[in-house]
Amino acid sequence: MAKSSHQKMTPMMAQYAEIKAVNTDCLLFYRMGDFYELFFDDAVIAAEVLNITLTKRGKHLGDDIPMCGVPVHSADAYLQRLIKGGHRVAVCEQTEDPAEAKKRGAKAVVQRDVIRLVTPGTLTEESLLEPKANNFLTSVFRSGNNEDASGHADYHVASIDISTGELQLSSSNPEELPGEMIRLSPGEVIASDNQAADPTIKSAVELVGSAFAPLPGSYFTSAGGEAALKEYFSVQIIDGLGEFSRPELSSIGGLLKYVELTQIGQKPILSSPVRPNSETVLRIDAATRINLELTKSLRGERTGSLLHAIDRTVTSAGTRLLSQRLSSPSTDIEEIRDRLKSVAYLKDEPELRSNLREDLKTIPDIRRAVSRLELGRGEPRDLGALRQALGSARSLHDRLSDFSKVMGTPDIVSGIIDSLNIVDSKLLEFLQNALVDELASPKKDGEFIRPGFAAELDKFRDLRDKSREILASLQKEY
């Protein structure tokens, strides 16, 4: 839309057009009060995908302006349908109080800006994610040359699940890349625009049916990847994170640049990069993965897969870990033996096993709750999840520790006991004192804060809830 045409619009529509002009590849959710509104072609597309009424608002260049909208409180359900339909969404919020806008004049428009881009690989909302599966955003960078018979090409893959903070790295030759893509099953794949047409990359992406986004080649540089790792992990040198080749850093650079762009500067918490050891992890080709139906059946569903048949975990994180271990089986004999010792240990202690399962059932999906809090999208129930997880971790530690003093424990279980012994007691006490017992979502008027915790908040609550008594008291006094 030409800038000259903006001048013929109302101030609000001119603002919409300016914001849309820098987000042309996304549907724009434009916040107006309690609704996200869409206009012009965005409205036509969204109305068809969401099966909602297409209306109109005003005119532009003599034509009606198509419009549709969705309520803010139920936006996640609509976002889910748009994302599944292959669309990206730019969420545009009001960034100032309407009262401030009125000070600039009766017709002043409230300032708005895009606060995030919602894409298939960057979801964090609980309602948009599959609880028992990772949602990876995967970057692929090709090094070498695969255009002639004598050339050699490697594909360097960096994947992040921003809902959990997991960061994985791997390298594949052209024959291995499709199998690696099936293992990851990413929600979205990115590559530099000068490599996006690579037939190996294209066929691997098509095989898993992921959304695909070509990005400027300038994002995929080793210097950019190194700088991003230093910034994310607050280090001066990256040696402590592992050894990285220049192509690996280029893949990481593109990945973290895309995260920065979609999250509008907000940074998710990242775990240290994990690179499966090619000598101790079984590499499985694409055809074998598909036919073994490890995590998905031939119909592409979880039901009917090996994972579905053996999964008796009681937490979402447990299922995700089991899925990763099925997808990347260990070939390290000592590691396999250690795992079997732990299994045998719990098999022989049915009472302990039953009690641990009951304890684990109380643990929420803490990694995803913490990720939302870090990105500024947390709700009271995410704080409640943190409180619950800290309390449950303490209970698990005490139960396992007490039992180990009597019966001893395998090395893996001992390591779990040690890791559970780092619960921040001060944080747990703070959350227990600050939050009400039952937490609803979304947050409303500070109702998730326990009465008596914050004196100033209690004062405002009294003004809201006891205004008649306060006025009567003032009348009596004066």
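Worth saying up front: this structure is predicted, and the values here are computed from it rather than measured.

1. Re the overall build of the chain
- Within the chain, the regular secondary structure consists of 20 helices and 11 strands.
- Looking at the chain as a whole, 43% of its 478 residues are labelled buried.
- The contacts of the chain with a sequence gap of at least 6 include a subset with a gap of at least 24, amounting to 61%.
- The averaged location of the 70 negative side-chain charges in the chain is 5 Å from the averaged location of its 59 positive side-chain charges.

2. A word on helix 9 (residues 246-262)
- Taking 1.5 Å of rise per residue, 17 residues should cover 24 Å, and helix 9 covers 24 Å from first to last C-alpha, within 8% of that figure.
- When you tally the buried positions in helix 9, you get 13 out of 17 residues, the bulk of the element.

3. Topic: a nonpolar patch on the surface
- A contiguous nonpolar patch, built from Phe460, Leu463, Ile470, Leu471, Leu474 and Tyr478 and spanning about 650 Å² of accessible area, is present on the exposed surface.
- Among the secondary structure elements, those contributing two or more residues to the nonpolar patch are helix 19 (455-465) and helix 20 (467-477).
- Here the element with the most residues in the nonpolar patch is helix 20; it accounts for three residues.
- Summarising the element assignment, Leu474 is placed in helix 20.
- According to the relative accessible area criterion, Leu474 is partly exposed, its value standing at 37%.

4. Considering the pattern of salt bridges
- On inspection of all chains with the given rule, the structure shows 29 salt bridges.
- The residue Glu301 makes a salt bridge to Arg299 at a minimum N-O spacing of 3.6 Å.
- For Glu301, a relative accessible area of 39% puts it in the partly exposed group.
- Classification of Arg299 by relative accessible area gives exposed; the value is 62%.
- Beyond isolated ion pairs, a larger network of salt bridges with shared partners links Asp25, Arg88 and Glu188.

5. Focus on the side chain of Asp359
- For Asp359, the location among the structural elements is in helix 14 (residues 350-361).
- On the accessibility criterion, Asp359 (14% relative accessible area) is buried.
- When sequence neighbours within four positions are dropped, the list of residues in contact with Asp359 reads Leu396 and Arg399.

6. Some thoughts on the packing of helix 15 (residues 366-374) against helix 16 (residues 380-407)
- Where helix 15 contacts helix 16, the two axes come as close as 9 Å, and the packing angle between them is 135 degrees. The orientation of helix 15 with respect to helix 16, classified from their angle, is oblique. In the packing of helix 15 onto helix 16, the handedness of the crossing is left-handed. Residues Ile366, Ala369, Val370, Arg372 and Leu373 of helix 15 form the contact with helix 16, whose participating residues are Asp382, Leu383, Ala385, Leu386 and Ala389.

7. Focus on the sheet that holds strand 6 (residues 112-118)
- Strand order in the open sheet formed by six strands is 3-4-2-1-5-6, and the pairing between neighbours is mixed. At either end of the open sheet lies a strand with only one pairing partner, and these are strand 3 (55-60) and strand 6. Each strand axis lies, on average, 35 degrees off the axis of its neighbour in the sheet, ignoring direction.
- As judged from the four bridges shared by strand 3 and strand 4 (residues 63-71), these two strands associate in the antiparallel manner. Bridge pairing in strand 4 links Thr55 to Met67.

8. Some points on the packing of aromatic side chains
- For the coordinates displayed, the defined rule picks out seven aromatic pairs.
- When the ring of Phe430 is compared with that of Phe453, the centres are 5.5 Å apart and the planes differ by 75 degrees; the resulting orientation is edge-to-face. With Phe430 in helix 18 (residues 425-434) and Phe453 in the loop between helix 18 and helix 19, the pair connects residues that are 23 residues apart, well separated along the chain.
- Site record: aromatic cluster; members linked through ring pairs are Tyr16, Tyr30, Phe39 and Phe40.
- If you follow Lys257 out to its NZ or CZ, it ends over the ring of Tyr219, 5.6 Å from the centre.
- One cation-aromatic arrangement involves Lys459 over Phe460; the distance from NZ or CZ to the ring centre is 5.6 Å.

9. Describing the confidence of the model for the chain
- Considering every residue of the chain, the mean pLDDT works out to 90; 95% of them sit at 70 or more.
- Averaged pLDDT values for the elements of the chain fall to 48 in helix 1 (residues 3-6) and rise to 97 in strand 10 (residues 188-192).
- Segment residues 146-151: pLDDT under 50, and five contacts once partners within four positions in sequence are set aside and those in other chains are kept.

Scoring rules and cut-offs
Residues numbered from 1 in each chain as written. Predicted model: local features only at pLDDT ≥ 70, side-chain atom pairs only at ≥ 80, totals over all residues. Heavy atoms only, no water. Helix = DSSP H or I, 4+ residues; strand = E, 2+ residues; numbered from the N terminus. Buried < 20%, exposed > 50% of the residue type's maximum accessible area, 1.4 Å probe, protein only. Contact = heavy atoms within 4.5 Å. Lys, Arg positive; Asp, Glu negative; His and termini not counted. Charge placed at Lys NZ, Arg CZ, Asp CG, Glu CD. Expected span 1.5 Å × (residues − 1). Patch = residues over 30% accessible without salt bridge, like charges linked within 9 Å, V, L, I, M, F, W, Y side chains within 5 Å. Areas by Shrake-Rupley, 256 points an atom, 1.4 Å probe, with all protein chains shown as cover. Salt bridge = Lys/Arg side-chain N within 4 Å of Asp/Glu carboxyl O. Axes fitted to C-alpha atoms, helices over the stretch in contact; angles between N-to-C directions. Parallel < 35°, antiparallel > 145°, perpendicular 65-115°, else oblique. Left-handed = near helix turned anticlockwise from the far one by under 90°. Pairing = 2+ DSSP bridges. Phe/Tyr/Trp six-rings, centres within 6.5 Å; stacked < 30°, edge-to-face > 60°. Lys NZ or Arg CZ within 6 Å of the ring centre and 35° of its normal. pLDDT = per-residue confidence, 0-100.

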